[in-house]
Amino acid sequence: MRVFVTGASGWIGSAVVPELLSAGHEVTGLARSEASAERIRSAGATPVPGSLDDLESIRSGAAAADAVIHLGFKHDFSDYAGAGRTERAVVATIGDELAGSDRPFLFASGIVARPGVLLTEDVPSPYVGPDAPRGGGEAFAFEYADRGVRPVALRFSPTVHGRGDHGFSAELVRVAREKGVAGYVGDGSNRWPAVHRLDAGRLVRLALEQATPAARVHAVGEEGIPTRDIATAIGEGLGLPVESIAPEDVDAHFGWIGRFFGMDIPASSAITRERYGWTPTGPTLLEDFASGAYFEAVAAR
């Protein structure tokens, strides 16, 4: 297949693109800068100049493809509502272009917070409408299943980890170094799912090749790691004390990531594993911390 990928040079996209190419697919990737374009070319794919704000570049990329994988997102937590509006506009542009073609449309989504309840693939997203998180993109994209599109929600764990990560796990390490303490919220019993980046990349390729309309795919290698254990691993890696942060002090201590780190969001991938024949083989999150990679990156800054 000819596959158009947004976010092709990003953290997850740079794992997805080699997977697609190794399976014999042709890949074009949205590139908002020459640096991004060079990373895409180096991977063996073809860059398409544009950005998430340039809807014509999105439309033309989708028009020339047999399938679209939308991984790009504006990770600007100072304007999360604006990021959601952009996401909804991109989903509409891709969906409208693919309408009536029965082409796959895979898109990045997130694990839905249901405190104390193990989330499964059978549970629909409660986020509906343009003002919902991520612009209600999952529910919105699924509406295109009735318009001749095969939308597939790629629900990624909150931490997609590995060497070179600059996402949530790396941010927790940065905060710990800045504050001089590796913190967790309350008693630290709330759980975070996790998946290794290379396992996530392989799953996206499998989901593309077996896409069925309105499928929910859980990129979850570990169902739920207690955040106290995450903080302990960070403390050991940095040689810092590990302490509980009171819920009322979370924003001041952690900043924007505190709202996510305090969530209890365990999630299963049992259906995903059975349906797509996916078995995670990469290191666990705590093994990645133990390898020292996250702390080497922080020290080098």
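By the naming in an unreviewed UniProt entry, the protein chain goes by Nucleoside-diphosphate-sugar epimerase and is assigned to Leifsonia shinshuensis.

(A) Structural context of the sheet that holds strand β9 (residues 191-196). Strands sit in the order β7-β9-β11 across an open sheet of 3 strands; the sheet is mixed. On the outer flanks of this sheet lie β7 (159-161) and β11 (222-226), each paired with one strand and no other. If you compare each strand with its neighbour and ignore which way they point, the axes differ by 45 degrees on average. The pairing of β9 with β11 spans 3 bridges and is antiparallel.

(B) Up close: the pattern of salt bridges. For the structure on display, the rule yields 16 salt bridges. Put simply, Arg41 and Glu34 hold a salt bridge, and the shortest N to O gap is 2.3 Å. By relative accessible area, Arg41 is classed as partly exposed at 37%. Its salt-bridge partner being Arg41, residue Glu38 comes within 3.5 Å of it at the nearest N-O pair. On the criterion of helical spacing, the pair formed by Glu38 and Arg41 is a turn pair, its members being 3 residues apart in helix α2 (residues 34-43). The network of salt bridges with shared partners includes Glu19, Arg205 and Glu209.

(C) Geometry of the side chain of His218. Structurally, His218 is set in strand β10 (residues 215-219). The contact partners of His218, leaving out residues within four places of it in the chain, are Leu119, Thr120, Glu121, Arg155, Leu203, Ala267, Ser268, Ser269, Thr272 and Trp278.

(D) Seen up close, empty space enclosed by the protein. Within this structure, the stated rule accounts for 1 cavity of 30 Å³ or more. Roughly 50 Å³ of internal volume is contained in the largest cavity. Secondary structure elements with two or more residues in the lining of the largest cavity: α6 (168-179), β8 (182-185), α8 (227-238) and α9 (250-254). Of all the elements, α6 adds the most residues to the lining of the largest cavity, at 3 residues. In terms of residue class, the lining of the largest cavity is built from 9 nonpolar, 2 polar and no charged.

(E) Seen up close, the domain arrangement of the protein chain. Here the domain parsing of the protein chain yields domain 1 (2-159 + 195-221) and domain 2 (166-193 + 223-267 + 281-291). With centres defined by C-alpha atoms, the gap from domain 1 to domain 2 works out at 27 Å. Across the contact, 20 residues belong to domain 1 and 20 residues belong to domain 2. Where domain 1 abuts domain 2, roughly 1,600 Å² becomes buried across the two surfaces, and 65% of that area is made up of carbon and sulfur atoms. In this structure, the connection of domain 1 to domain 2 is made through 0 salt bridges. Here domain 1 is connected to domain 2 by 5 residue pairs in polar contact (both at pLDDT 80 or more).

(F) Summary view of the packing of aromatic side chains. All told, the structure shown has 11 aromatic pairs when counted by the stated rule. Look at Phe168 and Trp256: their rings are 5.6 Å apart centre to centre, the planes differ by 55 degrees, and that puts the pair in the tilted class. Here Phe168, found in helix α6, pairs with Trp256, found in the loop between α9 and α10 (258-261); they are 88 residues apart in sequence, far enough to count as distant. Pairing Phe289 with Phe295 gives two aromatic rings, centres 6.0 Å apart and planes at 25 degrees, and the pair type is stacked. Chaining the aromatic ring pairs together yields one cluster made of Phe168, Trp192, Phe254, Trp256, Phe260 and Phe261. In this structure, Arg88 is placed above the aromatic ring of Phe140, and the distance from its NZ or CZ to the ring centre is 4.0 Å.

Reading guide: rules and limits
Residues numbered from 1 in each chain as written. Predicted model: local features only at pLDDT ≥ 70, side-chain atom pairs only at ≥ 80, totals over all residues. Heavy atoms only, no water. Pairing = 2+ DSSP bridges. Helix = DSSP H or I, 4+ residues; strand = E, 2+ residues; numbered from the N terminus. Axes fitted to C-alpha atoms, helices over the stretch in contact; angles between N-to-C directions. Salt bridge = Lys/Arg side-chain N within 4 Å of Asp/Glu carboxyl O. Buried < 20%, exposed > 50% of the residue type's maximum accessible area, 1.4 Å probe, protein only. Contact = heavy atoms within 4.5 Å. 1 Å grid on protein atoms, 1.4 Å probe; cavity = no way out; pocket = protein on both sides within 12 Å on 5 of 7 lines; lining within 4 Å. Points joined across faces, edges and corners; volume = space filled by probe spheres on them. Nonpolar A, V, L, I, M, F, W, Y, C, P; charged D, E, K, R; others polar. Domains from an automatic or database assignment. Buried area = accessible area lost by both parts, 1.4 Å probe. Polar contact = N/O pair within 3.5 Å; in protein donor to acceptor, adjacent residues only side chain to side chain. Phe/Tyr/Trp six-rings, centres within 6.5 Å; stacked < 30°, edge-to-face > 60°. Lys NZ or Arg CZ within 6 Å of the ring centre and 35° of its normal.

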